[in-house]
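# Structure at a glance
Chain by chain, the residues run as shown.
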Amino acid sequence: MSSCPLILIVLMALTSLLALPGNSGALAQTAKPDSVADLLLKDDIRQAEALLDKEPRTAASVAFRGEIEFRRGNFDRADALYKEALKMDSKTARAHFGLGKLALGKVNPKQAIQEMTRAIELDPKEPLYRLYASEAWGLDKKYTEQRKQLEEYVRLNPKDDERLIEAKAALEMLHAFGTEDVAVVQAPENPAPIKFRKSLNLIFASLKINGQGPYDFAIDTGATQTVISERLVAAIGLKPITSTLVFGIGGTGKVETKLYSVKELSLGDVTVKNIPVGTFNDPLISQLADGILGTAMLSDFILTVNYPAGQLELSRKRAPNTAGTEVLPVWYFSNLLLLPLDVNGKKGNFIVDTGAVTTVMSHSMAAQLGINENTPGAKIDLGIAGVGGFEGVVLKVPDVTFKTAKNTEQFPQVVSIDLKQISKMIGTEVAGVVGYDFFSDYKLTLDYYAAEIKLSK
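Residues numbered from 1 in each chain as written. Predicted model: local features only at pLDDT ≥ 70, side-chain atom pairs only at ≥ 80, totals over all residues. Heavy atoms only, no water.

Here we come to the packing of helix α7 (residues 93-105) against helix α9 (residues 127-139). Between α7 and α9, the least distance of the axes is 11 Å, while the angle of their chain directions is 30°. One finds that α7 runs roughly parallel with respect to α9. In the crossing of α7 with α9, the sense of the turn from one axis to the other is left-handed. For the pair α7 and α9, contact is made by Ala93, Arg94, Phe97, Lys101 and Leu104 and by Leu128, Tyr129, Tyr132, Glu135, Ala136 and Leu139, respectively. Residue composition of the contact of α7 with α9, by class: eight nonpolar, no polar and three charged. (Axes fitted to C-alpha atoms, helices over the stretch in contact; angles between N-to-C directions. Helix = DSSP H or I, 4+ residues; strand = E, 2+ residues; numbered from the N terminus. Parallel < 35°, antiparallel > 145°, perpendicular 65-115°, else oblique. Left-handed = near helix turned anticlockwise from the far one by under 90°. Contact = heavy atoms within 4.5 Å. Nonpolar A, V, L, I, M, F, W, Y, C, P; charged D, E, K, R; others polar.)

What follows is about the packing of aromatic side chains. How two aromatic rings sit relative to each other is given by the distance of their centres and the angle of their planes. Per the stated rule, a full pass over the model turns up 14 aromatic pairs. Ring centres of Phe196 and Tyr307 lie 6.3 Å apart, and the angle between their planes is 70°; on these two criteria the pair is classed as edge-to-face. Remark: Tyr307 occurs in the loop between β11 (302-306) and β12 (311-315) and Phe196 occurs in the loop between β2 (194-195) and β3 (197-199); sequence separation between them is 111 residues. Like Tyr307, Phe196 is buried. Among the aromatic residues, those joined into a ring-pair cluster are Phe350, Phe402, Phe411, Phe438 and Phe439. Over the ring of Phe204 we find Arg197; its NZ or CZ atom is 4.5 Å from the centre of that ring. A cation over a ring is seen here: Lys457 above Tyr442, with NZ or CZ 4.8 Å from the ring centre. (Phe/Tyr/Trp six-rings, centres within 6.5 Å; stacked < 30°, edge-to-face > 60°. Buried < 20%, exposed > 50% of the residue type's maximum accessible area, 1.4 Å probe, protein only. Lys NZ or Arg CZ within 6 Å of the ring centre and 35° of its normal.)

Summarising burial for strand β23 (residues 443-447): four of the five residues are buried, a large majority. In this structure, β11 lies alongside β23, joined through four bridges in antiparallel fashion. The residue of β23 that forms the bridge with Val305 is Leu444. Pairing geometry for β23 and strand β24 (residues 452-456), over five bridges, is antiparallel. Looking at the pairing, Leu446 lines up with Ile453 of β24. (Pairing = 2+ DSSP bridges.)

Regular strands place side chains that alternate from one sheet face to the opposite one. Alternating positions in strand β13 (residues 326-329) separate cleanly, Glu326 and Leu328 being buried on one face and Val327 and Pro329 remaining unburied on the opposite face. Taken together, the four bridges between β13 and β24 define a ladder with antiparallel strand orientation. Bridge pairing in β24 places Val327 opposite Lys454.

Time to look at the nonpolar core. Formed by 95 residues in total, the largest nonpolar core has its most connected members in Ile209, Leu293, Leu298, Met361, Phe402 and Ile453. The element that contributes the greatest number of residues to this core is α9, accounting for eight residues. If we skip the residues at most four places from it in the chain, Ile209 touches Tyr215, Phe217, Ile228, Leu232, Ile236, Val262 and Glu264. (Core = buried A, V, L, I, M, F, W, Y, C linked by side-chain atoms within 4.5 Å.)

So, on to unusual backbone geometry. The peptide bond linking Gly213 to Pro214 adopts the cis configuration, its omega dihedral lying at 10°. Residue Asn210 is not a glycine yet carries a positive backbone phi of 50°. In this fold, Asn210 is placed in the loop between β4 (202-209) and β5 (212-220). Given a relative accessible area of 29%, Asn210 falls into the partly exposed group. Even without glycine at this site, Asn344 takes up a positive phi of about 50°. Note on placement: Asn344 falls in the loop between β15 (336-343) and β16 (346-352). According to the relative accessible area criterion, Asn344 is partly exposed, its value standing at 36%.

In C-alpha coordinates form, the structure reads like this:
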(Lines give C-alpha, C1' and ligand atoms only; values in the text may rest on other atoms or scores of the structure.)
Protein backbone atom coordinates (compact mmCIF):
# COMPACT_ATOMS: atom_id res chain seq x y z
CA MET A 1 0.00 0.00 0.00
CA SER A 2 1.47 3.36 -0.98
CA SER A 3 1.79 6.19 1.56
CA CYS A 4 -0.90 8.48 0.13
CA PRO A 5 -3.94 6.21 0.60
CA LEU A 6 -2.62 5.19 4.04
CA ILE A 7 -2.42 8.84 5.15
CA LEU A 8 -5.92 9.45 3.78
CA ILE A 9 -7.34 6.57 5.78
CA VAL A 10 -5.61 7.75 8.96
CA LEU A 11 -6.81 11.29 8.50
CA MET A 12 -10.37 10.09 8.00
CA ALA A 13 -10.12 8.09 11.23
CA LEU A 14 -8.81 11.10 13.14
CA THR A 15 -11.50 13.36 11.71
CA SER A 16 -14.21 11.08 13.06
CA LEU A 17 -12.87 11.72 16.59
CA LEU A 18 -12.85 15.54 16.36
CA ALA A 19 -15.68 17.56 17.91
CA LEU A 20 -15.82 20.99 16.33
CA PRO A 21 -17.61 23.79 18.28
CA GLY A 22 -21.35 23.89 17.56
CA ASN A 23 -21.16 20.88 15.22
CA SER A 24 -20.78 17.84 17.46
CA GLY A 25 -24.27 16.50 16.71
CA ALA A 26 -23.79 16.59 12.95
CA LEU A 27 -20.43 14.84 13.17
CA ALA A 28 -21.78 12.17 15.49
CA GLN A 29 -24.46 11.29 12.91
CA THR A 30 -22.03 11.15 9.96
CA ALA A 31 -20.48 7.72 9.53
CA LYS A 32 -17.03 7.40 8.00
CA PRO A 33 -17.39 5.99 4.49
CA ASP A 34 -15.93 2.54 3.91
CA SER A 35 -12.55 2.37 2.22
CA VAL A 36 -11.74 -0.22 -0.44
CA ALA A 37 -9.96 -2.25 2.24
CA ASP A 38 -13.04 -2.10 4.50
CA LEU A 39 -15.31 -3.25 1.68
CA LEU A 40 -13.01 -6.14 0.82
CA LEU A 41 -12.96 -7.16 4.48
CA LYS A 42 -16.77 -7.33 4.31
CA ASP A 43 -16.48 -9.29 1.04
CA ASP A 44 -18.39 -6.54 -0.77
CA ILE A 45 -16.51 -6.96 -4.04
CA ARG A 46 -18.88 -4.98 -6.26
CA GLN A 47 -18.83 -1.91 -4.03
CA ALA A 48 -15.06 -2.09 -3.72
CA GLU A 49 -14.70 -2.19 -7.49
CA ALA A 50 -17.18 0.70 -7.90
CA LEU A 51 -15.16 2.79 -5.45
CA LEU A 52 -11.91 1.97 -7.26
CA ASP A 53 -13.46 3.12 -10.54
CA LYS A 54 -13.76 6.60 -9.03
CA GLU A 55 -10.15 6.73 -7.85
CA PRO A 56 -6.99 7.58 -9.85
CA ARG A 57 -4.83 4.72 -11.05
CA THR A 58 -2.04 4.33 -8.50
CA ALA A 59 0.10 1.43 -7.34
CA ALA A 60 -2.26 0.97 -4.39
CA SER A 61 -5.40 0.95 -6.56
CA VAL A 62 -3.82 -1.52 -9.01
CA ALA A 63 -2.94 -3.81 -6.08
CA PHE A 64 -6.56 -3.60 -4.85
CA ARG A 65 -7.75 -4.54 -8.34
CA GLY A 66 -5.44 -7.54 -8.06
CA GLU A 67 -7.17 -8.39 -4.79
CA ILE A 68 -10.57 -8.24 -6.49
CA GLU A 69 -9.39 -10.63 -9.22
CA PHE A 70 -8.02 -12.92 -6.50
CA ARG A 71 -11.41 -12.93 -4.76
CA ARG A 72 -13.06 -13.85 -8.07
CA GLY A 73 -10.66 -16.75 -8.54
CA ASN A 74 -8.82 -15.16 -11.47
CA PHE A 75 -5.39 -15.90 -10.06
CA ASP A 76 -3.29 -15.30 -13.18
CA ARG A 77 -4.88 -11.88 -13.61
CA ALA A 78 -4.35 -11.13 -9.91
CA ASP A 79 -0.68 -12.07 -10.20
CA ALA A 80 -0.20 -9.73 -13.18
CA LEU A 81 -1.86 -6.81 -11.34
CA TYR A 82 0.17 -7.32 -8.16
CA LYS A 83 3.39 -7.29 -10.20
CA GLU A 84 2.24 -4.24 -12.14
CA ALA A 85 1.63 -2.42 -8.83
CA LEU A 86 5.15 -3.25 -7.66
CA LYS A 87 6.63 -1.91 -10.89
CA MET A 88 4.81 1.35 -10.20
CA ASP A 89 5.92 1.40 -6.56
CA SER A 90 8.00 -1.40 -5.01
CA LYS A 91 6.76 -0.37 -1.55
CA THR A 92 3.13 -1.30 -2.21
CA ALA A 93 2.33 -3.48 0.80
CA ARG A 94 -0.98 -4.77 -0.59
CA ALA A 95 0.81 -6.13 -3.68
CA HIS A 96 3.37 -8.02 -1.57
CA PHE A 97 0.48 -9.36 0.50
CA GLY A 98 -1.27 -10.55 -2.67
CA LEU A 99 1.83 -12.32 -3.98
CA GLY A 100 2.17 -13.94 -0.56
CA LYS A 101 -1.37 -15.29 -0.78
CA LEU A 102 -0.71 -16.67 -4.25
CA ALA A 103 2.42 -18.39 -2.90
CA LEU A 104 0.34 -19.91 -0.10
CA GLY A 105 -2.11 -21.16 -2.74
CA LYS A 106 0.73 -23.01 -4.44
CA VAL A 107 2.03 -24.38 -1.13
CA ASN A 108 5.24 -22.35 -1.29
CA PRO A 109 5.66 -21.25 2.35
CA LYS A 110 9.16 -19.76 1.89
CA GLN A 111 8.00 -17.29 -0.76
CA ALA A 112 4.81 -16.61 1.18
CA ILE A 113 6.80 -15.75 4.32
CA GLN A 114 9.08 -13.47 2.32
CA GLU A 115 6.21 -11.54 0.75
CA MET A 116 4.14 -11.34 3.95
CA THR A 117 7.15 -10.16 5.93
CA ARG A 118 7.75 -7.38 3.40
CA ALA A 119 4.07 -6.35 3.53
CA ILE A 120 4.26 -6.14 7.33
CA GLU A 121 7.46 -4.06 7.18
CA LEU A 122 5.68 -1.59 4.89
CA ASP A 123 2.38 -1.50 6.79
CA PRO A 124 2.82 -2.97 10.30
CA LYS A 125 -0.64 -1.90 11.47
CA GLU A 126 -2.63 -3.94 8.95
CA PRO A 127 -4.01 -6.94 10.89
CA LEU A 128 -4.76 -9.05 7.81
CA TYR A 129 -1.07 -9.29 6.91
CA ARG A 130 -0.35 -10.77 10.33
CA LEU A 131 -3.11 -13.36 9.98
CA TYR A 132 -1.85 -14.65 6.64
CA ALA A 133 1.76 -14.49 7.83
CA SER A 134 0.75 -16.83 10.66
CA GLU A 135 -0.67 -19.24 8.07
CA ALA A 136 2.59 -19.12 6.09
CA TRP A 137 4.69 -19.84 9.19
CA GLY A 138 2.31 -22.66 10.14
CA LEU A 139 2.61 -24.20 6.67
CA ASP A 140 6.39 -24.07 7.15
CA LYS A 141 5.88 -25.80 10.54
CA LYS A 142 7.46 -22.90 12.43
CA TYR A 143 4.87 -22.76 15.19
CA THR A 144 6.66 -20.24 17.43
CA GLU A 145 6.61 -17.69 14.61
CA GLN A 146 3.03 -18.62 13.80
CA ARG A 147 2.07 -17.86 17.40
CA LYS A 148 3.84 -14.48 17.30
CA GLN A 149 1.92 -13.36 14.23
CA LEU A 150 -1.41 -14.55 15.65
CA GLU A 151 -0.73 -12.67 18.89
CA GLU A 152 0.01 -9.52 16.93
CA TYR A 153 -3.16 -9.98 14.87
CA VAL A 154 -5.26 -10.21 18.03
CA ARG A 155 -3.42 -7.23 19.59
CA LEU A 156 -4.28 -5.08 16.57
CA ASN A 157 -7.97 -5.85 17.28
CA PRO A 158 -9.24 -6.15 13.69
CA LYS A 159 -12.81 -5.31 12.68
CA ASP A 160 -13.48 -8.94 11.77
CA ASP A 161 -15.28 -10.84 14.54
CA GLU A 162 -15.26 -14.25 12.86
CA ARG A 163 -11.56 -14.28 12.00
CA LEU A 164 -10.77 -12.92 15.46
CA ILE A 165 -12.62 -15.86 17.07
CA GLU A 166 -10.64 -18.29 14.91
CA ALA A 167 -7.31 -16.59 15.70
CA LYS A 168 -7.93 -16.67 19.46
CA ALA A 169 -8.90 -20.34 19.25
CA ALA A 170 -5.72 -21.11 17.29
CA LEU A 171 -3.64 -19.39 19.96
CA GLU A 172 -5.31 -21.39 22.71
CA MET A 173 -4.62 -24.62 20.82
CA LEU A 174 -0.95 -23.70 20.26
CA HIS A 175 -0.66 -22.86 23.95
CA ALA A 176 -2.18 -26.23 24.86
CA PHE A 177 0.40 -28.07 22.75
CA GLY A 178 3.19 -26.03 24.36
CA THR A 179 6.62 -26.96 23.00
CA GLU A 180 5.36 -30.16 21.36
CA ASP A 181 5.23 -30.28 17.57
CA VAL A 182 1.76 -30.46 16.04
CA ALA A 183 0.53 -33.24 13.72
CA VAL A 184 3.73 -35.32 13.83
CA VAL A 185 3.50 -38.22 11.37
CA GLN A 186 5.07 -41.61 12.06
CA ALA A 187 4.91 -44.15 9.23
CA PRO A 188 7.05 -46.45 7.07
CA GLU A 189 8.34 -45.18 3.73
CA ASN A 190 5.48 -46.84 1.86
CA PRO A 191 2.56 -47.68 4.15
CA ALA A 192 0.30 -50.58 3.21
CA PRO A 193 -2.90 -49.59 1.37
CA ILE A 194 -5.84 -48.78 3.65
CA LYS A 195 -9.07 -50.42 2.60
CA PHE A 196 -12.21 -48.31 2.59
CA ARG A 197 -15.86 -49.16 2.15
CA LYS A 198 -18.31 -47.25 -0.01
CA SER A 199 -21.77 -46.35 1.24
CA LEU A 200 -24.25 -43.66 0.16
CA ASN A 201 -21.63 -42.10 -2.17
CA LEU A 202 -19.16 -41.70 0.71
CA ILE A 203 -16.02 -43.63 1.63
CA PHE A 204 -15.23 -44.88 5.15
CA ALA A 205 -12.12 -46.31 6.84
CA SER A 206 -11.40 -47.61 10.32
CA LEU A 207 -9.00 -45.82 12.66
CA LYS A 208 -8.03 -45.62 16.33
CA ILE A 209 -7.92 -42.59 18.64
CA ASN A 210 -5.59 -42.60 21.65
CA GLY A 211 -5.31 -46.38 21.29
CA GLN A 212 -9.07 -46.91 21.41
CA GLY A 213 -11.28 -48.16 18.61
CA PRO A 214 -11.54 -48.97 15.79
CA TYR A 215 -13.93 -46.21 14.80
CA ASP A 216 -15.59 -45.55 11.45
CA PHE A 217 -14.50 -42.27 9.81
CA ALA A 218 -15.50 -40.75 6.47
CA ILE A 219 -12.44 -39.90 4.32
CA ASP A 220 -12.98 -36.31 3.27
CA THR A 221 -10.69 -34.24 1.04
CA GLY A 222 -13.17 -31.38 1.42
CA ALA A 223 -12.89 -31.07 5.21
CA THR A 224 -10.77 -28.21 6.53
CA GLN A 225 -10.00 -30.26 9.64
CA THR A 226 -10.68 -33.63 11.26
CA VAL A 227 -13.85 -33.72 13.38
CA ILE A 228 -15.35 -36.36 15.66
CA SER A 229 -18.87 -36.87 16.99
CA GLU A 230 -19.74 -35.52 20.42
CA ARG A 231 -20.88 -39.03 21.31
CA LEU A 232 -17.36 -40.36 20.66
CA VAL A 233 -15.78 -37.43 22.53
CA ALA A 234 -17.74 -38.43 25.62
CA ALA A 235 -16.93 -42.12 25.17
CA ILE A 236 -13.15 -41.64 25.04
CA GLY A 237 -13.08 -38.85 27.63
CA LEU A 238 -11.62 -35.91 25.71
CA LYS A 239 -11.60 -32.52 27.44
CA PRO A 240 -12.33 -29.32 25.45
CA ILE A 241 -9.56 -26.74 25.08
CA THR A 242 -11.44 -23.94 23.33
CA SER A 243 -14.18 -23.27 20.78
CA THR A 244 -14.26 -21.77 17.31
CA LEU A 245 -16.43 -21.49 14.20
CA VAL A 246 -16.76 -24.14 11.50
CA PHE A 247 -17.87 -23.01 8.05
CA GLY A 248 -19.74 -25.02 5.44
CA ILE A 249 -22.94 -25.58 3.54
CA GLY A 250 -26.45 -24.91 4.85
CA GLY A 251 -28.29 -22.46 7.10
CA THR A 252 -26.08 -19.54 8.15
CA GLY A 253 -23.06 -21.36 6.74
CA LYS A 254 -21.34 -21.54 10.11
CA VAL A 255 -21.69 -23.17 13.51
CA GLU A 256 -19.72 -23.05 16.74
CA THR A 257 -17.67 -26.11 17.64
CA LYS A 258 -15.46 -27.15 20.53
CA LEU A 259 -11.81 -28.00 19.88
CA TYR A 260 -9.94 -30.89 21.46
CA SER A 261 -6.43 -32.27 21.42
CA VAL A 262 -5.96 -35.88 20.33
CA LYS A 263 -2.64 -37.40 21.40
CA GLU A 264 -2.61 -40.10 18.75
CA LEU A 265 -4.65 -41.04 15.69
CA SER A 266 -3.80 -44.29 13.87
CA LEU A 267 -4.90 -45.18 10.34
CA GLY A 268 -3.36 -48.40 9.01
CA ASP A 269 0.44 -48.10 9.33
CA VAL A 270 0.22 -44.32 9.85
CA THR A 271 0.15 -42.64 13.25
CA VAL A 272 -0.34 -38.87 13.65
CA LYS A 273 0.40 -37.34 17.06
CA ASN A 274 -0.81 -34.12 18.68
CA ILE A 275 -3.77 -33.28 16.47
CA PRO A 276 -6.36 -30.55 17.03
CA VAL A 277 -9.85 -31.84 16.20
CA GLY A 278 -13.31 -30.33 16.12
CA THR A 279 -16.67 -31.90 16.88
CA PHE A 280 -20.10 -32.27 15.32
CA ASN A 281 -23.49 -33.11 16.76
CA ASP A 282 -25.52 -33.92 13.66
CA PRO A 283 -27.78 -36.96 14.26
CA LEU A 284 -27.78 -37.97 10.59
CA ILE A 285 -23.99 -37.86 10.20
CA SER A 286 -23.56 -39.60 13.58
CA GLN A 287 -25.57 -42.55 12.24
CA LEU A 288 -23.12 -42.91 9.36
CA ALA A 289 -19.76 -42.25 10.99
CA ASP A 290 -17.94 -41.62 14.26
CA GLY A 291 -16.01 -38.81 12.63
CA ILE A 292 -14.65 -37.19 9.48
CA LEU A 293 -10.98 -37.45 8.58
CA GLY A 294 -9.68 -34.35 6.79
CA THR A 295 -6.99 -35.61 4.41
CA ALA A 296 -4.88 -32.44 4.78
CA MET A 297 -3.45 -34.03 7.95
CA LEU A 298 -1.87 -36.63 5.62
CA SER A 299 -0.36 -34.01 3.30
CA ASP A 300 3.20 -35.25 3.98
CA PHE A 301 2.24 -38.13 1.68
CA ILE A 302 1.18 -38.35 -1.93
CA LEU A 303 -2.31 -39.69 -1.31
CA THR A 304 -4.34 -41.71 -3.81
CA VAL A 305 -8.05 -42.35 -3.36
CA ASN A 306 -8.32 -45.47 -5.52
CA TYR A 307 -12.06 -45.74 -6.04
CA PRO A 308 -11.98 -48.83 -8.34
CA ALA A 309 -9.78 -50.79 -5.89
CA GLY A 310 -11.56 -49.44 -2.80
CA GLN A 311 -8.41 -48.35 -1.01
CA LEU A 312 -6.40 -45.36 0.15
CA GLU A 313 -2.76 -45.44 -0.99
CA LEU A 314 -0.01 -43.39 0.67
CA SER A 315 3.52 -42.83 -0.60
CA ARG A 316 6.37 -40.43 0.12
CA LYS A 317 7.66 -40.72 -3.46
CA ARG A 318 6.03 -39.51 -6.66
CA ALA A 319 5.29 -42.37 -9.03
CA PRO A 320 5.89 -41.94 -12.79
CA ASN A 321 2.79 -40.90 -14.69
CA THR A 322 1.15 -43.51 -16.90
CA ALA A 323 0.02 -42.71 -20.44
CA GLY A 324 -3.57 -42.20 -19.34
CA THR A 325 -2.81 -40.02 -16.31
CA GLU A 326 -3.93 -36.41 -16.37
CA VAL A 327 -1.98 -34.02 -14.12
CA LEU A 328 -4.02 -30.99 -13.05
CA PRO A 329 -2.73 -27.93 -11.17
CA VAL A 330 -4.79 -26.96 -8.14
CA TRP A 331 -4.83 -24.17 -5.57
CA TYR A 332 -4.60 -24.81 -1.83
CA PHE A 333 -6.50 -22.55 0.58
CA SER A 334 -7.60 -23.31 4.16
CA ASN A 335 -6.72 -27.01 3.78
CA LEU A 336 -8.92 -27.26 0.68
CA LEU A 337 -7.86 -28.04 -2.89
CA LEU A 338 -9.47 -25.93 -5.64
CA LEU A 339 -9.55 -27.44 -9.12
CA PRO A 340 -10.03 -25.13 -12.13
CA LEU A 341 -12.69 -26.60 -14.44
CA ASP A 342 -14.53 -25.65 -17.61
CA VAL A 343 -18.31 -25.79 -17.07
CA ASN A 344 -20.35 -25.43 -20.28
CA GLY A 345 -17.69 -23.04 -21.54
CA LYS A 346 -17.41 -21.04 -18.28
CA LYS A 347 -14.41 -21.18 -15.94
CA GLY A 348 -14.54 -21.80 -12.20
CA ASN A 349 -12.63 -23.24 -9.25
CA PHE A 350 -14.20 -26.30 -7.61
CA ILE A 351 -13.41 -27.91 -4.24
CA VAL A 352 -12.09 -31.46 -4.58
CA ASP A 353 -14.36 -33.23 -2.11
CA THR A 354 -14.54 -36.98 -1.51
CA GLY A 355 -16.95 -36.15 1.32
CA ALA A 356 -19.56 -34.73 -1.06
CA VAL A 357 -22.20 -37.29 -2.07
CA THR A 358 -22.96 -35.29 -5.21
CA THR A 359 -21.40 -32.58 -7.32
CA VAL A 360 -22.89 -29.11 -6.88
CA MET A 361 -22.26 -25.63 -8.25
CA SER A 362 -22.64 -22.19 -6.71
CA HIS A 363 -25.56 -19.88 -7.49
CA SER A 364 -23.13 -17.47 -9.13
CA MET A 365 -21.88 -20.19 -11.51
CA ALA A 366 -25.49 -21.18 -12.24
CA ALA A 367 -26.23 -17.53 -13.05
CA GLN A 368 -23.37 -17.54 -15.56
CA LEU A 369 -25.11 -20.51 -17.19
CA GLY A 370 -28.40 -18.61 -17.33
CA ILE A 371 -30.14 -20.15 -14.29
CA ASN A 372 -31.41 -18.19 -11.28
CA GLU A 373 -34.33 -18.18 -8.84
CA ASN A 374 -36.61 -16.62 -11.44
CA THR A 375 -35.92 -19.25 -14.10
CA PRO A 376 -39.13 -21.28 -14.63
CA GLY A 377 -38.82 -24.75 -13.09
CA ALA A 378 -35.35 -24.10 -11.63
CA LYS A 379 -36.31 -24.15 -7.95
CA ILE A 380 -36.55 -27.61 -6.44
CA ASP A 381 -37.84 -28.81 -3.09
CA LEU A 382 -34.71 -30.64 -2.01
CA GLY A 383 -33.27 -30.58 1.50
CA ILE A 384 -29.48 -30.36 1.41
CA ALA A 385 -28.05 -30.51 4.91
CA GLY A 386 -24.66 -29.16 5.88
CA VAL A 387 -22.69 -27.94 8.84
CA GLY A 388 -24.81 -24.80 9.16
CA GLY A 389 -28.20 -26.50 8.84
CA PHE A 390 -30.44 -26.97 5.82
CA GLU A 391 -29.78 -25.11 2.58
CA GLY A 392 -32.46 -22.57 1.72
CA VAL A 393 -32.61 -22.12 -2.06
CA VAL A 394 -31.69 -25.07 -4.27
CA LEU A 395 -31.79 -24.78 -8.06
CA LYS A 396 -31.35 -27.36 -10.79
CA VAL A 397 -29.14 -26.68 -13.79
CA PRO A 398 -29.76 -29.04 -16.74
CA ASP A 399 -27.20 -30.54 -19.15
CA VAL A 400 -23.91 -29.71 -17.47
CA THR A 401 -20.54 -30.74 -18.92
CA PHE A 402 -17.36 -30.49 -16.85
CA LYS A 403 -14.10 -30.49 -18.77
CA THR A 404 -10.42 -30.70 -18.00
CA ALA A 405 -7.78 -30.77 -20.74
CA LYS A 406 -8.18 -34.55 -21.19
CA ASN A 407 -11.35 -35.63 -19.41
CA THR A 408 -15.05 -34.86 -19.75
CA GLU A 409 -17.83 -35.64 -17.28
CA GLN A 410 -21.43 -35.07 -18.35
CA PHE A 411 -24.37 -34.66 -15.98
CA PRO A 412 -28.06 -34.52 -16.99
CA GLN A 413 -28.46 -31.98 -14.20
CA VAL A 414 -26.49 -30.45 -11.32
CA VAL A 415 -27.97 -28.66 -8.32
CA SER A 416 -26.80 -25.18 -7.35
CA ILE A 417 -26.60 -23.90 -3.77
CA ASP A 418 -25.31 -20.86 -1.90
CA LEU A 419 -21.53 -21.12 -1.40
CA LYS A 420 -20.91 -17.50 -0.39
CA GLN A 421 -19.95 -18.32 3.19
CA ILE A 422 -17.34 -20.88 2.10
CA SER A 423 -16.00 -18.44 -0.48
CA LYS A 424 -15.67 -15.77 2.19
CA MET A 425 -13.99 -18.19 4.57
CA ILE A 426 -11.22 -19.18 2.15
CA GLY A 427 -10.96 -15.72 0.58
CA THR A 428 -11.79 -16.56 -3.02
CA GLU A 429 -14.79 -17.50 -5.15
CA VAL A 430 -15.80 -21.17 -4.97
CA ALA A 431 -17.68 -22.14 -8.14
CA GLY A 432 -18.79 -25.48 -6.75
CA VAL A 433 -17.85 -28.82 -5.26
CA VAL A 434 -16.91 -31.92 -7.25
CA GLY A 435 -17.76 -35.06 -5.33
CA TYR A 436 -18.28 -38.81 -5.52
CA ASP A 437 -20.25 -38.83 -8.76
CA PHE A 438 -17.39 -36.98 -10.48
CA PHE A 439 -14.46 -39.04 -9.14
CA SER A 440 -15.91 -42.53 -8.56
CA ASP A 441 -14.46 -44.05 -11.77
CA TYR A 442 -10.98 -42.62 -11.18
CA LYS A 443 -7.86 -43.10 -9.17
CA LEU A 444 -7.65 -39.63 -7.60
CA THR A 445 -4.13 -38.68 -6.47
CA LEU A 446 -3.57 -35.65 -4.24
CA ASP A 447 -0.09 -34.12 -4.12
CA TYR A 448 -0.45 -31.20 -1.72
CA TYR A 449 3.13 -29.92 -1.84
CA ALA A 450 3.22 -30.00 -5.63
CA ALA A 451 -0.21 -28.27 -5.69
CA GLU A 452 -1.59 -30.78 -8.18
CA ILE A 453 -3.95 -33.72 -8.48
CA LYS A 454 -3.86 -36.62 -10.90
CA LEU A 455 -6.75 -38.45 -12.54
CA SER A 456 -6.29 -41.91 -14.02
CA LYS A 457 -8.50 -44.89 -14.87
